[in-house]
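Structural overview for review
If you want the building blocks of each chain, they are given just below.
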Amino acid sequence: MDINKIFELYKQHPCITTDSRNCPQGSIFLALKGASFDGNRFAASALAKGCAYAIIDNPQYATDDRCLLVDDTLRTYKEIAREHRRQFGIPVLGITGTNGKTTTKELVSTVLAKKYNVLCTEANYNNDVGVPRTLLRLNGQHEIAVVEMGASHPGDIKQLVDYVEPTCGLITNVGMAHLQGFGSFEGVKRTKGELYDYLKAHDGLLFLNESNAHLTAMAAERGLTRKLTYGEDGTGEVTGHVTACNPFLLFSWHQQGGEEHSVQTRLIGSYNLDNMLAAIAVGLHFGVGEDAICEALEAYQPSNNRSQLTVTEHNKLIVDAYNANPTSMKAALVNFRRMDCKPKMAILGDMRELGEASAQEHQRIVDLLPSVGADTVWLVGPEFSKTTTPYRKFDDVEAVKKAIAEEQPQGYYILIKGSNGIKLFELPSLL
């Protein structure tokens, strides 16, 4: 069945479920497949539970007239989402980058919400399943959309922008991440740059961090001239600088020739300045007032183990345990170094998906550690265990839990950072 007929059915039944355990009456079940599951097997069950139709891509399971057979259910899901997105003539901002995507998405959405009804990506649903899910949440009440897009392989962003069809966009940064999938740092830049390619081809507006040499070069290579720029002091139409990090980021910003504003955030990390300036640039372009922007940024409270301070009975924790790569790890350590607090402890977990560069990149992080001024350092995971260093090493998070129980660290500012798979997010409740 072609997408036009399927979309007509979707308009009559505007609810798609991909979970056969959750089948609202009259919804459409879409049978996705993964490494360990095949949604086609549950089509009949979904129909029995109340779904009006089931979209499948295996004819073996076409046991009912309400089964709609397509070539590829995931592609169909994205095509339905694109058709739905086209029903709304509103601005759509696409955000991608190596680090800071989710934080920037949340900051931008918080600023825009001062003036608009905003649709934004929930949590970090930024892949080829999560992005259609976001687009299908669009309704007539929304005035602007902010869509986060992630990538781990070449071509990922191109596939996403072809369905999101952003009218404007920004790349937070490009760095050393998912090298196993991208192959190299140049592969990272090419893939993230697919957003720039789309904006160039469709006369979209670019929000550009002119303090980032990689991004400015990528934009220049593509001849992108329709842009609004931001950056640290001396660069961009919106400019700012870090005032302090004790421990929360305090910064100042202004438009060219405009009034200086000071913003006390609830975010840890000087590296969040770029994310803040991006949100300011977007807000200003869409007519949010300067005072309203400052209010939004000061009120934003981070969550999901990103750049947040957790105060426990025994310690103050700087939790950034959602993900890690060489770029974000270095930024976290540089920020930890400039924080005026004592004593300091760092619990660092392996950075995953680095391929052949893994050993070299973990050693570089270890070599940086002496300059951070941490009184205690614990390294967690098999990659850090291979490094040459006097710092204490642990095989996994369970070994760390045992050490915490036995030694009960107290009175520290503790930086906790590592890839999600190392499970350092299990530590804050013990510290």
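Structure: above.
Here is a short report on the structure shown in this document. (Residues numbered from 1 in each chain as written. Predicted model: local features only at pLDDT ≥ 70, side-chain atom pairs only at ≥ 80, totals over all residues. Heavy atoms only, no water.)

Things to note about the sheet that holds strand 1 (residues 16-17)
- Pairing is parallel across the open sheet formed by four strands, whose spatial order is 1-2-3-4. At either end of the open sheet lies a strand with only one pairing partner, and these are strand 1 and strand 4 (67-69).
- Sheet topology places strand 3 (residues 53-56) next to strand 4; three bridges connect them, and they run parallel. Within strand 4, the residue paired with Ile56 across the bridge is Leu69. (Pairing = 2+ DSSP bridges. Helix = DSSP H or I, 4+ residues; strand = E, 2+ residues; numbered from the N terminus.)

A word on the environment of Val377
- Structurally, Val377 can be placed in strand 17 (residues 376-380).
- For Val377, a relative accessible area of 5% puts it in the buried group.
- Measuring from C-alpha to C-alpha, the distance between Val377 and Leu9 comes to 58 Å, with 368 residues separating the pair along the chain.
- Apart from the residues within four sequence positions on either side, Val377 is in contact with Ala346, Leu369, Tyr391 and Arg392. (Buried < 20%, exposed > 50% of the residue type's maximum accessible area, 1.4 Å probe, protein only. Contact = heavy atoms within 4.5 Å.)

Some thoughts on the layout of surface pockets
- What the second largest pocket holds in volume is close to 360 Å³.
- For the second largest pocket, the lining is made up of 17 residues, of which Ile16, Thr18, Tyr77, Val129 and Arg133 are closest to its centre.
- Counting residues per element, the ones that place at least two in the lining of the second largest pocket are strand 1 and helix 5 (130-135).
- Of the residues in the lining of the second largest pocket, the class split is nine nonpolar, five polar and three charged. (1 Å grid on protein atoms, 1.4 Å probe; cavity = no way out; pocket = protein on both sides within 12 Å on 5 of 7 lines; lining within 4 Å. Points joined across faces, edges and corners; volume = space filled by probe spheres on them. Nonpolar A, V, L, I, M, F, W, Y, C, P; charged D, E, K, R; others polar.)

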